[in-house]
Every structure is written in structure tokens, then in C-alpha cells.
Amino acid sequence: MLFSFIKRINMKNLIITIFIFCTLLPLHGQESATRGNLNTVIQPTIVVVPYVKQGEDARQLVESNTMYSMAISTVQAEFNKRGFNTNDFIQLAKSHTRNDMISDAEGGASDVVTQIISESDADISVEVQINTKSENGTSEVFVELKAAEAISGELLSTQNYTSDKFRTTDMLKLLERALTKINDDFFIYLQNSFNNILQTGRNMNIQIRFADNCPLTAFSRVGTPALPLERQLRNWAKQHSFGGYFKPRVTKNLIDLSIKVPLYDQITGEPYQITDIQDPLLDMLYQIVTDASVEPIQSSGQQITIMIR
């Protein structure tokens, strides 16, 4: 009888132990999965950039404004700690001191940032914006981080951090306090958003315009078999869009096509270039458009514009 009692106690303890183990296992799995999002096979390359107002010089900003240089370096270090590859915007900015780059920007300070982002070959740009507030003898510093896909500009993650209010005029100390509040949430959300783009693709916009006096319109029949030009483009998009996703908007003199393309070439694994979609598009148009000329007029970022004359 004593043996039976002890056996029942041991069995009860065993059941409790199994219950606790099964309860903790999903939590561990969830934690591992969450952290795993920061260690996926494909991690994006990051470039941390300053927020610039119209008329500001981004390079002068990071060289003369200690708050921005500190914030960019700190945020970049946070990415490095989590295993992300980063490109140093401050060094890139210092290496782009040529006057011709300033003139090419056509008066837009933010265009310089765009050029540096493009030349950095980063997958994601993270914009740092700093705001300060002082009133009634107290001061506060706010930091906003905005992560976006570098080419399309699609927003991936955004977070705000504050130093809280203190009776001090030392804005650097307040900035440092705000930056210490950066946690895993921002990086996890960013990685999850990036993973989603890997699975669904990013948006590319294709515009085909028809010049005045052009013998063709979007509804002219071309090719073999003879189909309306806009229908030919739909058929082409079905074959070349990532995941088969595309959305056309058609008028007589304009075909506006939003199409999904991958971030990386599915065969080589190299970053997907705009020419990877533009070249087959032009090949198709050159073959079917015989009564007019096909002229590419823009090919950059996420925009391809073609004129038919």
C-alpha cells in the first residue's frame, strides 16, 4: 500500500513536470523564432542616414552637427551588434565632396542623400531625425528612426524614442539617453518587413507613354497574334512579374503598370537590377512595335519610363 502511495506521488510529479515543460517549450520556441528573424539566411545591408531639410547639405550636417554624427554612429553600432551588415554613411559622405555631385543634385539636399544611398548598394536606409524641446527650464530630445527599402522607399519600420524631460541644457547627454532606449522591437519589425518583401517582391512602376502624333495608342493591335498593345503588355507582365502580381492602369495615351520584382535574382542570388526587368521589356516592345519608335527616357530606382513616337 505504501509503494502504491509513493508511485502515485511520483506519477503526479511526473505529470506536473511534463506540464511545465510543455508550457515553457512554446515560449522558448517563440523566443527562438523571434530572435531567428534577426539571423535569417538573407539579412539586409543597412545604411543609416540623417534627416535633411530642404536646402541643407547632408555632408555638412554630419560633419558639423555632433548630435547627428553621434546618433548615426550609435544606430549603426546597434545594427552591427545584431549582426547586420552596414555601410558607413559618414565615411561615404566625406568621400563625396566633389562639387559636381552637388550640382547634379539640382538644388535638393535630400537628393545627395539619395545618391549616397544608391551608391552604397544598401538594401535598407534608416533615416535618423532629431528634435529638441526646451520649456520652463526643462529640455527633452526626441529621436525618430524610419527604415525604408532603399530603392522603392517602402516604409518597413518606424520607432520614436525620447530622453524624457530633465532640467539641463546638455542636449548631447539627453540624446545619449534617448538612444539607449533603442531595443530589439525596431530591428525585429524591420527584419520581418524585409522578409515579407523577400517573399512578395517590391514594387516597380513601368510607364509607357505615346507622343503626340504617334501612329499607335495603347489599344492599337500589334505583334503576332495581333493584340492590343496593352494586352501584349499584360501577357508579358504575367510571365515576368514576381509571383504573378501586376496591376495595370490604361488610357489611350498611357499605360501605367505596377509590377512586383524580386529583391534578389532567383538564379544568381545577386541583387535584382532595374535592367533585369527593363531589358526583356524593351526586347518585347522592339519586336511587336514596328510602326513607331520605342525610346527609353528614364530608368532609375523603381521607375521605368518609355516613350513610343
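Going by the structure above, here's the rest.
One structure accompanies this document, and this report is about it. (Residues numbered from 1 in each chain as written. Predicted model: local features only at pLDDT ≥ 70, side-chain atom pairs only at ≥ 80, totals over all residues. Heavy atoms only, no water.)

Remarks on the overall build of the protein
So the rule is basically this: By the criteria applied, helices consist of DSSP H or I runs no shorter than four residues and strands consist of E runs no shorter than two, each listed in order from the N terminus. Here, residues are in contact when the closest pair of their heavy atoms is within 4.5 Å. What sets the accessible areas is the Shrake-Rupley method with a 1.4 Å probe; for residues, cover comes only from the shown protein chains.
Along the backbone of the protein there are 10 helices and 12 strands. Counted over contacts in the protein with a minimum sequence separation of 6, partners at least 24 positions apart contribute 63%. Element-wise, carbon and sulfur atoms account for 51% of the exposed surface of the protein, whose accessible area totals about 17,300 Å².

A word on the pattern of salt bridges
Spelled out, the test is: Salt-bridge detection follows one rule: a side-chain nitrogen of Lys or Arg within 4 Å of a carboxyl oxygen of Asp or Glu. Remark: exposure states derive from per-residue accessible area (1.4 Å probe, protein chains only) relative to the maximum for the residue type, with buried under 20%, exposed over 50%, and partly exposed in between.
Per the counting criterion, the structure on display carries 13 salt bridges. For Asp164, the salt bridge identified is with Arg177, shortest N-O distance 3.5 Å. Taken together, the positions of Asp164 in the loop between strand 5 (155-162) and helix 7 (171-179) and Arg177 in helix 7 put the pair 13 residues apart, joining distant regions of the chain. Residue classification places Arg177 among the partly exposed positions, given a relative accessible area of 35%.

Some points on the pairing of strand 10 (residues 254-261)
Cut-off, in case you're wondering: Strands pair, by our definition, only if DSSP identifies at least two bridges between them.
For strand 10, a buried count of seven out of eight residues is recorded, marking the element as mostly surrounded by other parts of the structure. Where strand 6 (residues 202-210) meets strand 10, eight bridges bridge the pair, whose relative direction is antiparallel. Residue Gln207 lies in a different strand from strand 10, and its bridge partner there is Asp256. The turn joining strand 9 (residues 246-251) and strand 10, which pair antiparallel and follow one another in sequence, is formed by two residues.

As for the packing of aromatic side chains
Two descriptors summarise a pair of aromatic rings, namely the distance from one centre to the other and the angle between the planes of the rings. The criterion, for reference: Pairing of aromatic side chains requires ring centres within 6.5 Å, counting the rings of Phe and Tyr and the six-membered ring of Trp. Pairs whose planes differ by under 30 degrees are stacked, by over 60 edge-to-face, and all others tilted. Consider the ring centre and the ring normal. A charge sits over the ring if Lys NZ or Arg CZ is within 6 Å of that centre and within 35 degrees of that normal.
Per the counting criterion, the structure on display carries four aromatic pairs. Ring centres of Phe79 and Phe186 lie 6.3 Å apart, and the angle between their planes is 75°; on these two criteria the pair is classed as edge-to-face. Here Phe79, found in helix 3 (residues 66-81), pairs with Phe186, found in helix 8 (residues 184-200); they are 107 residues apart in sequence, far enough to count as distant. Given the relative accessible area of 0%, Phe79 is considered buried. On the basis of relative accessible area, Phe186 is assigned to the buried category, the value being 0%. Ring plane angle 85° and centroid distance 5.4 Å describe the contact between Phe186 and Phe187, whose orientation is recorded as edge-to-face. Each member of the pair, Phe186 together with Phe187, is buried. Here the aromatic cluster, defined as three or more aromatic residues joined through ring pairs, consists of Phe79, Phe84, Phe186 and Phe187. If you follow Lys260 out to its NZ or CZ, it ends over the ring of Tyr245, 5.8 Å from the centre.

Comments concerning the packing of helix 9 (residues 229-240) against helix 10 (residues 275-288)
As a reminder, the rule being used: For helices, the axis comes from a line fit to the C-alpha atoms of the stretch in contact; other axes are also lines fit to C-alpha atoms, and the angle between any two N-to-C directions lies between 0 and 180 degrees. Crossing handedness is read from the near helix: turned anticlockwise from the far helix by less than a right angle, it gives a left-handed crossing, and turned clockwise, a right-handed one.
Contact pair helix 9 / helix 10: the axes reach a minimum separation of 11 Å and the direction vectors enclose 145°. Here the hand of the crossing between helix 9 and helix 10 comes out right-handed. Touching Leu229, Gln232, Leu233, Trp236 and His240 of helix 9 are Ile277, Pro280, Leu281, Met284, Leu285 and Ile288, all from helix 10.

Some points on helix 9
Going by this rule: Any helix carries an expected span of 1.5 Å times its number of residues minus one. An arc is given here, and it is the one of the directions from the helix axis to the C-beta atoms.
Spanning 12 residues, helix 9 covers 16 Å between terminal C-alpha atoms, matching the ideal 16 Å at 1.5 Å per step. Among the residues of helix 9, Leu229, Glu230, Gln232, Leu233, Trp236 and Ala237 are the ones counted as buried. In a view along the axis of helix 9, the buried residues occupy a sector of 155°, so they form one face of it. For helix 9, the exposed residues lying more than 90 degrees away from the buried face are Lys238 and Gln239.

These values are about where atoms sit, not about what they do.
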